[in-house]
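Here is how the chains run, residue by residue.
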Amino acid sequence: MTFVVPRGMEILVGLSGDLCKYFAGERRIEVPALSTVGDLVDSLGLMKGEVGVIALNGSLATRSEQLHEGDEVLLFPPIGGG
Amino acid sequence: MPCGYTGRVLRVNLGTSATTVEEPGEEFYRTYFGGSSLIGYYLIKEVAPGVDPLGPENKLILACGVVTGVPVSGSGRNAIGAKSPLTGAFGESDVGGFWGAELKRAGYDAVIVEGQADRPVYLWVRDGEVQVRDASHLWGTTTGDCQDMIRSELGESAVQLSLIGPGGENLVRYACILNGTRHAAGRTGLGAVMGSKRLKAIAVRGTRPVQLADPQGMRAKAQWVAGVYMQTSRGLHDNGTAGLVARLALSGGLPVRNFRDGSFEGAAKISGEAMTQTILVGRTTCYSCPIRCKRVVEASEPYAIDPLYGGPQYESVAALGSNCGIDDLVAVAKANELCNAYGIDTISTGSCIAFAMECFEAGLLTKQETGGLELTFGNASAMLEMVELIARRRGLGELLSEGVMRAAEQIGSGAERFAMHVKGQELPMHEPRLKQGLGLGYAVSPTGAEHVLNIQDTLYAQDGGPFARPKALGILKPLAPSDLGPDKVRLFMYLTYWESLFNCLAMCQMQPYDVEQVVEIVNSATGWNTTVWELMKVGERALNLGRVFNSREGFTVTDDCLPVRFFASFPSGPLAGVAVDQDQLRAALRTYYGMMGWDKETGLPTVEKLQELGIAWAANELPEYSVPKQ
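The rules behind each value
Residues numbered from 1 in each chain as written. Chains lettered and ligands numbered in written order. Predicted model: local features only at pLDDT ≥ 70, side-chain atom pairs only at ≥ 80, totals over all residues. Heavy atoms only, no water. Contact = heavy atoms within 4.5 Å. Salt bridge = Lys/Arg side-chain N within 4 Å of Asp/Glu carboxyl O. Polar contact = N/O pair within 3.5 Å; in protein donor to acceptor, adjacent residues only side chain to side chain. Helix = DSSP H or I, 4+ residues; strand = E, 2+ residues; numbered from the N terminus. Nonpolar A, V, L, I, M, F, W, Y, C, P; charged D, E, K, R; others polar. Buried < 20%, exposed > 50% of the residue type's maximum accessible area, 1.4 Å probe, protein only. Core = buried A, V, L, I, M, F, W, Y, C linked by side-chain atoms within 4.5 Å.

Regarding the interface of chain B and chain A
Then step 1. Between chain B and chain A, the contact holds 33 residues from the first and 22 residues from the second.
Then step 2. Seen at the junction of chain B and chain A, the total is 1 salt bridge.
Then step 3. Where chain B touches chain A, the interface holds 9 residue pairs in polar contact (both at pLDDT 80 or more).
Then step 4. For the side of chain B that touches chain A, the secondary-structure elements that each account for two or more residues are helix H7 (215–232), helix H8 (234–239), helix H9 (244–251) and helix H11 (314–320) of chain B.
Then step 5. For the side of chain B that touches chain A, the element with the most residues is H9 of chain B, which contributes 6 residues.
Then step 6. The class makeup of the residues in the side of chain B that touches chain A is 12 nonpolar, 14 polar and 7 charged.

Pasting the structure below:
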């Protein structure tokens, strides 16, 4: 049996702080249609507990928010001390 | 021959110029470990309750811990303590750099400074030898000039200095002591204590490496950090602690305009990333640390910034930037340079200016008091002018150099509602409405509002990542940052034991070690067979010593509080509608006292708790009412 994955959406993803160990700068990442922010985060293969703050198009976002073509997502580690 | 520590404490009386050396013995070191706990021990034993913090009876103690100066990342720290002139309570601040390691190499674990000199002096400690030298020609100099002059007259460029600037000389109540020109023991006004003793600097040079019980084990640990730090600590290396600005602003928890707001329209301009892309010219570090989280910045316009003084870290960026409504990164960096050159705490300085800005906007201060300055939020040149005035105690700076608590009392007319402090110490740059356990920490810290002996709730809201640390200590369930129930209190208590331990060791908290690795480092240094259990007790002991010291000074549960601003919510932004619930905080405090083994009514350590910690002697210092009636 062959599964056909429909062409999804292209999201611009950036990582910040310690997450830059995965990749620095920004990358265009394709995700299936109807993906949420959480789906995107899970697809990146980061280690558990490493993402603390998510920005979607410059605003604070939750994992459950729906993504749309062309969205920009920026991921930060959890907020620590200074 | 002891390992890890030298076994020698230097005592200098500046009134008589007498110097003596004490050797407290292994049992003392294994009980207190150094740093914060050593300071607590000597302050309680030797500084009588009620003394003037700026008088000769107060003692200034600079203390390494049992791992200071061992060749492993994070060991470049020392603690400094005295009765605080800012709070009247237990004063302590911890600092990195190279001075602590140098003091160990010079043969001492700590220096206790007593009395008061009749003229400016500095100490010169070289491989165990001590001189009290004239510093009249150094009085009034910036930290940078003083460092150059002392190194030049001693003919040794490798001399490390712990020193004050004009702020300490002028007894600014939040003057700091710097290790060199870039590492500040910023909090609780210890620079003013040093200034009151007319002690400009302690110059140190040592050539004898710290003895290690297990050099091979220590080397393995150092090599491990060198191999992994770009995986574990990449953000700190790349953008320093100011990398926090962007995510805090997004979350609505960045201190803005004297904690009035949580989001800042100019956050991107003062972020760690912006610093990296614009004025950063170098990354420096502390003894033996490969992470290099310290910034070096340089600019020529609109303000010339001398890279000698490093660059602003997160607390300084927020205190002198967003909390003053300022989005001009070069101005913030200039203010940071001035604070380091003059030796005043960036956090309290920024907080005092933000307080004055709010008073000005509310009409409680006018141009008459500000000397014509338009002291509004966002006015960068006015902020910089105020830094100068505070360090020199001129104009409005005279009032603000006393700290927000005393300034508000002077101004009156309700100014205290703008005074963001606990026990007289200005708040660090972390928002209790975002992190409610941190608010509890502000309330109970022995030094007043404090971020080092505290938790960042946001680190422990999900499993994995930074939650590994509390999990290793037996906290199994992540908790929401807004939680302030008994589980959060327990998490707070365990983690602050651990952090308190770091102030005793004295070690940097921002290292990638897990708890077992810290145990191994202590054992490699000392040859002891310590465990996580014993290390937790060291941290707990230090916290209890601070509490005992404060009880003698008259502090009670009513001083364990928060500024009223946090009991009201933000009108908008990601934290709209969120406040600290006063009743919940009160309940959390009682739970904390109970969990700590303290009396739930008086908040004082019980005799049994002090006995359990092996410091029964401290029970004699408690106010009478805490001792159970016979």
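Focus: the pattern of salt bridges
Residues and elements named next belong to chain B.
Then step 1. Within the structure shown, the criterion is met by 45 salt bridges over all chains.
Then step 2. Note that Glu 46 and Lys 59 form a salt bridge whose closest N and O atoms lie 2.8 Å from each other. Taken together, the positions of Glu 46 in helix H2 (residues 35–46) and Lys 59 in the loop between H2 and strand E3 (60–63) put the pair 13 residues apart, joining distant regions of the chain.
Then step 3. Residue Glu 46 is classed as partly exposed on the basis of its relative accessible area, which comes to 26%.
Then step 4. In this structure, the salt-bridge partner of Lys 477 is Asp 487, at a minimum N-O distance of 3.6 Å. One end of the pair, Lys 477, is in the loop between helix H19 (468–472) and helix H20 (486–505); the other, Asp 487, is in helix H20, with 10 residues separating them in the sequence.
Then step 5. Its relative accessible area of 39% is what places Asp 487 among the partly exposed residues.
Then step 6. Each of the salt bridges in this network shares a partner with another, and the network as a whole consists of Arg 11, Glu 22, Glu 46, Lys 59 and Glu 114.

Remarks on the nonpolar core
All names here are of chain B.
Then step 1. Of all hydrophobic cores here, the largest spans 180 residues; its most connected members are Leu 254, Phe 355, Met 383, Leu 400 and Trp 498.
Then step 2. Looking at this core, the element that brings in the most residues is H20, giving 11 residues.
Then step 3. The contact partners of Trp 498, leaving out residues within four places of it in the chain, are Arg 469, Leu 473, Val 515, Val 518, Val 532, Leu 535 and Met 536.
Then step 4. With 28 residues, the next largest nonpolar core counts Leu 14, Leu 123, Ile 177 and Ile 202 among its residues.

The values reported here are purely geometric and, on their own, carry no functional implication.
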